[in-house]
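Results of the structural survey
Read off the chains here:
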Amino acid sequence: MPAVSKGDGMRGLAVFISDIRNCKSKEAEVKRINKELANIRSKFKGDKALDGYSKKKYVCKLLFIFLLGHDIDFGHMEAVNLLSSNKYTEKQIGYLFISVLVNSNSDLIRLINNAIKNDLASRNPTFMNLALHCIANVGSREMAEAFASEIPRILVAGDTMDSVKQSAALCLLRLNRTSPDLVPMGEWTARVVHLLNDQHLGVVTAATSLITTLAQKSPDDFKTSVSLAVARLSRIVTSASIDLQDYTYYFVAAPWLSVKLLRLLQCYPPPEDASLRSRLIECLETILNKAQEPPKSKKVQHSNAKNAVLFEAIALIIHHDSEPNLLVRACNQLGQFLQHRETNLRYLALESMCTLASSEFSHEAVKTHIETVINALKTERDVSVRQRAVDLLYAMCDRSNSKQIVAEMLSYLETADYSIREEIVLKVAILAEKYAVDYTWYVDTILNLIRIAGDYVSEEVWYRVIQIVINRDDVQGYAAKTVFEALQAPACHENLVKVGGYILGEFGNLIAGDPRSSPLVQFNLLHSKFHLCSVPTRALLLSAYIKFINLFPEVKGTIQDVLRSDSQLRNADVELQQRAVEYLRLSCIASTDILATVLEEMPPFPERESSILAKLKKKKGSSKLPDMDDSRRNVNGSTEHTEDTEVASKTSHFLLEDLISTDRPHPTSTSATMLSTRTMGPSHTFTDMLNLNSTPSSGASLLVDVFSDITSPVPTEGSEEHFPRFVCKNNGVIYENQLLQIGLKSEYRQNLGRMYVFYGNKTSTQFLSFSTSVTSSDILNTQLNVQEKPVDPLIEAGAQVQQILNIECVSDFSDAPVLNIQFRYGGTLQNIAVKLPVMLNKFFQPTEMTSQDFFQRWKQLGAPQQEVQKIFKAKNQMDTDVTKAKLLGFGVALLDGVDPNPANFVGAGIIHTKTTQVGCLLRLEPNTQAQMYRLTLRTSKESVSQRLCELLSEQF
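Residues numbered from 1 in each chain as written. Predicted model: local features only at pLDDT ≥ 70, side-chain atom pairs only at ≥ 80, totals over all residues. Heavy atoms only, no water.

Turning next to the overall build of the chain. What the chain contains, in helices and strands, is 39 helices and 18 strands. Relative to its 956 residues, the chain shows a buried fraction of 55%. The contacts of the chain with a sequence gap of at least 6 include a subset with a gap of at least 24, amounting to 68%. (Helix = DSSP H or I, 4+ residues; strand = E, 2+ residues; numbered from the N terminus. Buried < 20%, exposed > 50% of the residue type's maximum accessible area, 1.4 Å probe, protein only. Contact = heavy atoms within 4.5 Å.)

Scanning all chains against the criterion turns up 23 aromatic pairs. Taking 6.0 Å as the distance between ring centres and 70° as the angle between the ring planes, the aromatic pair formed by Tyr439 and Tyr442 counts as edge-to-face. In this pair, Tyr439 and Tyr442 are both assigned in helix α24 (residues 439–453), 3 residues apart and thus about one turn of the helix distant. Accessibility classification places Tyr439 together with Tyr442 in one group, the buried group. (Phe/Tyr/Trp six-rings, centres within 6.5 Å; stacked < 30°, edge-to-face > 60°.)

What follows covers the sheet that holds strand β6 (residues 740–749). The strands that make up a sheet are held in pairs by hydrogen bonds between backbone atoms, and each pair lies either parallel or antiparallel. Across the sheet, 5 strands lie side by side as β5-β6-β7-β10-β9; this open sheet has antiparallel pairing. Both edges of this open sheet fall to β5 (731–736) and β9 (784–788), since each of them pairs with a single strand only. In this sheet, adjacent strand axes meet at a mean angle of 25° when their direction is disregarded. (Pairing = 2+ DSSP bridges. Axes fitted to C-alpha atoms, helices over the stretch in contact; angles between N-to-C directions.)

For soluble globular proteins, nonpolar side chains are generally found buried alongside one another. If you look at the biggest cluster of nonpolar residues, it comprises 192 residues, and the most contacted ones within it are Ile116 and Val192. In terms of residue count, α24 provides more of this core than any other element does, 10 residues in total. If we skip the residues at most four places from it in the chain, Val192 touches Leu155, Val156, Leu210, Ile211 and Phe222. Within the second largest apolar cluster, 62 residues are counted, among which are Val801, Ile832, Ile911 and Leu935. (Core = buried A, V, L, I, M, F, W, Y, C linked by side-chain atoms within 4.5 Å.)

Residues with a pLDDT of 70 or more make up 86% of the chain, whose mean pLDDT is 81. For the chain, helix α35 (residues 656–659) is the element with the lowest average pLDDT, namely 28, and helix α14 (residues 255–265) is the one with the highest, namely 93. Within the model, pLDDT remains below 50 along residues 1–7, and this stretch shows 8 contacts once partners closer than five positions in the same chain are excluded. Of the regions scoring below 50 in pLDDT, residues 622–718 engages in 269 contacts with residues more than four places distant in sequence or in other chains. (pLDDT = per-residue confidence, 0-100.)

What follows deals with the pairing of β5. Burial analysis of β5 places 6 of its 6 residues in the buried class, the great majority of the element. For β5 and β6, the ladder comprises 5 bridges, and the chain directions are antiparallel. Bridged to Val733 within β6 is Gly743. Counted between consecutive antiparallel strands, the loop separating β5 from β6 contains 3 residues.

Looking now at the sheet that holds strand β12 (residues 828–835). Pairing in this open sheet of 3 strands is antiparallel, and the strands run β8-β11-β12 from one edge to the other. The open sheet has two edge strands, β8 (768–775) and β12, and neither has a second partner. Ignoring which end each strand starts from, the neighbouring axes of this sheet average 15° apart. Pairing of β8 with strand β11 (residues 818–825) involves 6 bridges; the strand directions are antiparallel. Paired with Ser771 across the two strands is Gln822, which belongs to β11.

Because an α-helix completes one turn every 3.6 residues, residues spaced three or four positions apart along the sequence face the same direction. Given a rise of 1.5 Å per residue, 14 residues ought to cover 20 Å, and the 20 Å separating the end C-alpha atoms of helix α18 (residues 343–356) matches this to within 8%. Taken together, the buried positions of α18 are occupied by Leu345, Arg346, Ala349, Leu350, Ser352, Met353, Cys354 and Leu356. Against α16 (300–320), α17 (324–337), α19 (363–367), α20 (370–379) and α21 (383–396) lie the buried residues of α18. (Expected span 1.5 Å × (residues − 1).)

Between helix α10 (residues 162–178) and helix α12 (residues 201–217), the least distance of the axes is 8 Å, while the angle of their chain directions is 25°. With respect to their mutual orientation, α10 and α12 come out roughly parallel. Considering how the two elements wind past one another, α10 and α12 form a crossing that is left-handed. For the pair α10 and α12, the contacting residues are Asp162, Lys165, Gln166, Ala169, Leu170, Leu172, Leu173, Asn176 and Arg177 in the first and Gly202, Val203, Ala206, Ala207, Ser209, Leu210, Thr213, Leu214 and Lys217 in the second. Class assignment for the residues of the contact of α10 with α12 results in 9 nonpolar, 5 polar and 4 charged. (Parallel < 35°, antiparallel > 145°, perpendicular 65-115°, else oblique. Left-handed = near helix turned anticlockwise from the far one by under 90°. Nonpolar A, V, L, I, M, F, W, Y, C, P; charged D, E, K, R; others polar.)

Moving on, we get to unusual backbone geometry. Positive phi outside glycine occurs at Ala254, with the angle close to 40°. Among the structural elements, Ala254 can be located in the loop between β2 (252–253) and α14. A positive phi is found at Gln931, a non-glycine position, where the angle reads about 55°. Considering the arrangement of structural elements, one finds Gln931 in the loop between β17 (917–927) and β18 (932–939). Given the relative accessible area of 32%, Gln931 is considered partly exposed.

If you want it as structure tokens, here you go:
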């Protein structure tokens with residue numbers, strides 16, 4: 001860039017700055033600034049035309065005043081006029097003013113664009129650089145529309161100077177980040193790859209940054225960059241520092257370019273070409289070898305540059321996960337850093353080893369450092385390093401060391417920082433369940449966990465204990481005995497009381513033979529905690545008491561006295577009062593046989609994995625959970641690949657759509673359905689007394705994988721495309737583009753529903769003025785009520801906010817409401833409309849029926865207008881399990897043994913609206929030879945039959 005001569009020193013500006021610095025008070029500064037603003041305004045409005053130097057000086061003063069925090073509402077036109085100057089210093093000040101003060105919505109943007117076009121066409125490298133810098137600094141959508149096609153031509157033109165190529169590459173990178181849809185992919189993409197061979201390393205560095213970003217979006221267009229990147233990396237790694245003298249940083253040759261090339265290679269799998277692969281392995285081995293060499297300088301800059309390249313090389317080795325020798329060497333190198341005196345190195349080493357632990361080649365090598373990691377957990381001063389040590393212990397855990405690691409985590413938990421206790425609790429719970437060969441150890445561990453850190457034991461953890469104990473007969477007696485003993489402590493955490501109440505209510509009879517744990521002793525022990533507990537826990541204990549009446553008739557009178565007391569029957573809390581009244585009446589009027597039927601032992605929960613991992617992923621983000629790949633089959637019959645399984649076990653497969661389900665596992669039996677005794681209907685089972693349909697946590701979480709049942713990239717070209725996928729499911733990502741991800745979690749009961757909408761900011765910039773509204777057609781407004789709670793108007797970069805929608809079905813409907821989202825991103829107003837997946841079948845209540853009742857009702861619904869039948873071609877593979885899953889997701893109860901043909905599916909349910917209830921019977925007949933289905937629906941209302949048939953037929 002041309003130097004500013006002494007004659008261009010702008011003495012007036014220097015005097016003004018000096019005056020401002022000499023001001024003794026804020027008032028004096030404001031007075032001086034106002035005086036200067038008045039002077040500048042008069043000069044700009046005066047009859048005498050200002051020369052370029054004067055314009056430059058006054059514009060500079062305005063810029064300085066703006067940087068002091070004062071508003072500037074004039075001078076913009078003078079700055080634009082400076083752009084047409086042929087003097088570098090005047091043009092530079094004009095571009096600087098525009099880059100700082102002109103927003104993307106300015107009326108002057110067209111004039112600015114014209115000036116930029118003139119400078120880009122001038123072929124003067126200095127002026128072209130200024131113009132490119134301005135485009136990148138402003139980065140508005142208008143500028144992207146004007147120059148996105150011009151900049152690639154400048155970048156790949158043969159006569160463009162190196163400095164301009166650098167600026168063009170970085171400018172294009174900026175536009176791609178702000179307006180990716182406006183950057184055209186064309187023949188220039190093949191030519192830009194060859195910039196990796198450019199002799200000027202500055203051009204190579206800028207081009208590598210651009211190619212890396214573009215390759216993440218369109219990898220196939222830039223796959224030829226792999227060979228060029230390997231070749232360039234090889235030349236850098238094998239060269240002496242004197243060969244790249246201008247780009248050597250403290251004896252490390254081109255470290256930042258090396259890092260960028262290694263990062264580019266992480267966009268692709270290992271090269272298939274043997275010679276290219278060999279050359280890349282040689283580069284990585286050389287980098288690892290250099291890490292072992294004595295440092296050439298004692299300065300921290302040398303070690304920082306050297307380690308930057310090393311850690312990026314290790315990241316590439318981990319990404320390829322195909323060279324056992326390199327993986328083990330990388331692990332050993334990181335092991336040396338675990339005891340390094342530099343805290344940052346220890347942190348990075350622990351973080352990288354977490355990922356290495358997920359590789360089958362290096363897992364054993366990582367385990368050799370277990371003692372060092374445990375020592376770090378105990379002795380590190382920095383909490384963030386201790387947190388990474390916890391992550392690494394979690395990642396390296398397998399059956400051989402699980403008890404040691406869980407014991408160490410529990411030991412550390414007693415003194416752990418409050419900020420990471422909840423995370424440690426979740427990890428201990430996951431490891432204890434995953435590697436529990438002896439489930440008595442699992443029960444002991446979880447109860448110990450509640451004792452040590454009860455406040456941090458989330459509902460997911462103790463829900464899971466209940467599920468496992470109910471599903472495993474061999475541990476029920478031990479669990480009852482253990483919680484009974486734990487409850488005898490003078491001070492028990494409320495979560496322990498919940499677990500104790502549930503387990504003793506179900507399995508207290510297994511320890512009632514011992515006089516020390518007789519029925520009356522068990523009841524008195526639980527009731528002694530009653531007055532100390534919150535309302536939800538008291539409600540659970542009342543449910544345990546009614547269970548006791550069935551298990552132990554000898555304590556019936558004692559429990560009835562408690563239920564009959566004024567503190568229960570006249571309780572201020574309506575839930576407790578209703579439970580007490582209805583449980584008391586149930587115990588008084590029901591015979592022993594009826595009580596035994598209604599209050600029988602909970603049946604096993606459906607086989608599904610825990611939701612604890614999902615909660616941990618919400619808290620940490622999936623990138624912090626180093627997991628091995630696994631595959632699962634989704635409801636649509638396709639195979640999806642996910643990275644959400646645990647590290648060392650290949651036998652435990654996490655069904656991720658269950659992990660985030662708001663519909664907690666409900667028992668398949670109806671025996672316990674009366675226990676809720678609420679007005680919500682007979683399907684509200686005993687699990688709901690535990691609030692198993694509780695509101696999801698609104699804690700902070702990273703975007704990616706919050707909705708774990710969606711593992712493949714979501715298309716961005718329209719929201720309605722995903723609408724049919726939600727007919728048979730309630731959770732997932734409904735919309736996603738480059739800026740925003742919208743996820744849903746829904747739950748419905750009778751004619752009421754609640755939808756949790758999660759808005760995730762995928763960018764590095766705040767969303768401002770964020771607002772939403774739900775609109776419906778006039779007809780739909782009379783059929784469906786949707787109430788929205790306000791949403792935070794500001795979404796930070798990378799953050800996520802939640803909004804709750806309450807839904808009421810007034811009458812049957814066929815349309816769907818639309819969610820309108822509006823926010824400002826980078827100064828541009830964004831508008832998005834998403835069709836909400838609220839369908840009629842969401843208000844289904846599944847109904848169990850005998851074969852006789854079904855056919856009797858089928859005949860009653862025999863009128864022509866009540867039946868709808870459709871024969872259609874199968875769109876997906878005809879899989880029996882998938883079909884069952886879809887029908888259950890649709891909302892009906894599947895009736896086994898009703899249809900004479902076992903291949904057919906028969907279901908029943910009731911559609912609940914505010915005004916009426918509509919019974920529904922369905923029959924689905926698959927013909928695998930013809931790849932056809934026949935769907936027959938009979939309901940008491942023609943419009944309901946039509947709508948349900950439309951929705952369900954599209955799912956197969």
